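Letter by letter, the chains look like this.
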Amino acid sequence: MVRVPRTITPPPSVHEELLDELDPMLAGERAAFAKRCHDRSISMAHLHVMTMLEMHGPLAMSRVAELLGSGLPTATGLVSRMEERGLVARAHDADDRRVVSLHLTDAGAAELRHLQAARRQRMAAALTHLSEAEQTTLLTSIRSLRSALSHLTEQGAISRD
């Protein structure tokens, strides 16, 4: 009889368990958010441009293309479709008419607010299933995680763009 050495699998670390718990939760939230965007006919590319404009304010079309990682013709086509829907508007620079800047319209900002409100409402509904003590513990943990993510962003280890 040949003895086969038994391998012992170490128990998962808390770090691994946290990631294992977060992955499906975040995937589910991402799917729900994507469905809301789809229902409102907002593509992920539209959402990306709208979010950039919300964060940075008006941007030159060349900068929009750069942030999208695309050429100017591709960005221009995308922006044209968004402009037709009233989500963004282009304006020529008063000093240099060759420079075209893009800004979020009131309708575009309203779409972002609607999407955020729906996300917040879904989270609020989920939180009602937690006790006050669980909510307090979660709040402390989320603040710690946000701080750690902010620290990574400041170090350039991860990007917000």
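Residues numbered from 1 in each chain as written. Predicted model: local features only at pLDDT ≥ 70, side-chain atom pairs only at ≥ 80, totals over all residues. Heavy atoms only, no water.

Student: Hey, could you run me through the environment of A75 in this one?
Tutor: Residue placement: A75 occurs in helix α4 (residues 72–84). Separated by eleven residues in sequence, A75 and V64 have C-alpha atoms that sit 7.1 Å apart. Ignoring anything within four residues of it in the chain, the contact list for A75 reads M61, A65, L68 and S70. (Helix = DSSP H or I, 4+ residues; strand = E, 2+ residues; numbered from the N terminus. Contact = heavy atoms within 4.5 Å.)

Student: What should I look at first to understand the sheet that holds strand β2 (residues 88–92) in this one?
Tutor: What holds strands together in a sheet is hydrogen bonding between their backbones, with the strands either parallel or antiparallel. Ordered by their spatial adjacency, three strands build an open sheet running β1-β3-β2, and the pairing between neighbours is antiparallel. Edge positions in the sheet fall to β1 (59–60) and β2, since each has one partner strand and no second. For β1 and strand β3 (residues 100–104), the ladder comprises two bridges, and the chain directions are antiparallel. Bridging across to β3, A60 finds its partner in S101. Sitting on the sheet, α4 is in contact with β2 and β3, with an inclination near 115° to β2. (Pairing = 2+ DSSP bridges. Axes fitted to C-alpha atoms, helices over the stretch in contact; angles between N-to-C directions.)

Student: What is the right way to look at the packing of helix α3 (residues 61–68) against α4 in this model?
Tutor: The relative placement of two packed helices comes down to the angle between their axes together with the axis-to-axis distance. Where α3 contacts α4, the axes come no closer than 9 Å and their chain directions differ by 100°. Here α3 lies roughly perpendicular to α4, going by the angle between them. Residues M61, S62, A65 and L68 of α3 form the contact with α4, whose own contacting residues are L72, A75, T76, L78 and V79. Class assignment of the residues belonging to the contact of α3 with α4 gives a composition of seven nonpolar, two polar and no charged. (Parallel < 35°, antiparallel > 145°, perpendicular 65-115°, else oblique. Nonpolar A, V, L, I, M, F, W, Y, C, P; charged D, E, K, R; others polar.)

Student: Whenever I open this one, the pairing of β3 confuses me. Can you help?
Tutor: A regular strand carries its side chains on alternate faces of the sheet. Note that β2 and β3 share five bridges and pair antiparallel. Looking at the pairing, R90 lines up with L102 of β3.

Student: Looking at this structure, how should I read the side chain of R36?
Tutor: Tracing the backbone through its elements, the reader meets R36 in helix α1 (residues 14–39). Of the side chains bearing the opposite charge, E29 lies closest to the buried R36, which forms no salt bridge; the N-O distance is 5.3 Å. When near neighbours in sequence (up to four residues on either side) are disregarded, R36 contacts L115, A118, R119 and R122. (Buried < 20%, exposed > 50% of the residue type's maximum accessible area, 1.4 Å probe, protein only. Lys, Arg positive; Asp, Glu negative; His and termini not counted. Salt bridge = Lys/Arg side-chain N within 4 Å of Asp/Glu carboxyl O.)

Student: In this structure, what is going on with the pattern of salt bridges? I would like to understand it.
Tutor: When their charged atoms lie close together, side chains carrying opposite charge are able to pair. One pass over the full model with this rule turns up six salt bridges. Across the pair D39 and K35 runs a salt bridge whose closest N-O atoms are separated by 2.8 Å. Highlighted residues: D39 and K35, both in helix α1, separated by four residues, approximately one helical turn. Residue E66 pairs with R63 through a salt bridge whose shortest N-O separation is 2.5 Å. On the criterion of helical spacing, the pair formed by E66 and R63 is a turn pair, its members being three residues apart in helix α3. For R63, a relative accessible area of 32% puts it in the partly exposed group.

Student: Can you help me understand the side chain of T105 in this one?
Tutor: Counting through the fold element by element, T105 comes out in the loop between β3 and α5 (106–127). According to the relative accessible area criterion, T105 is buried, its value standing at 18%. From its side chain, T105 meets the backbone oxygen of L87 in a polar contact 3.0 Å long. Excluding its chain neighbours within four sequence positions, the residues that come into contact with T105 are G86, L87, V88 and A89. (Polar contact = N/O pair within 3.5 Å; in protein donor to acceptor, adjacent residues only side chain to side chain.)

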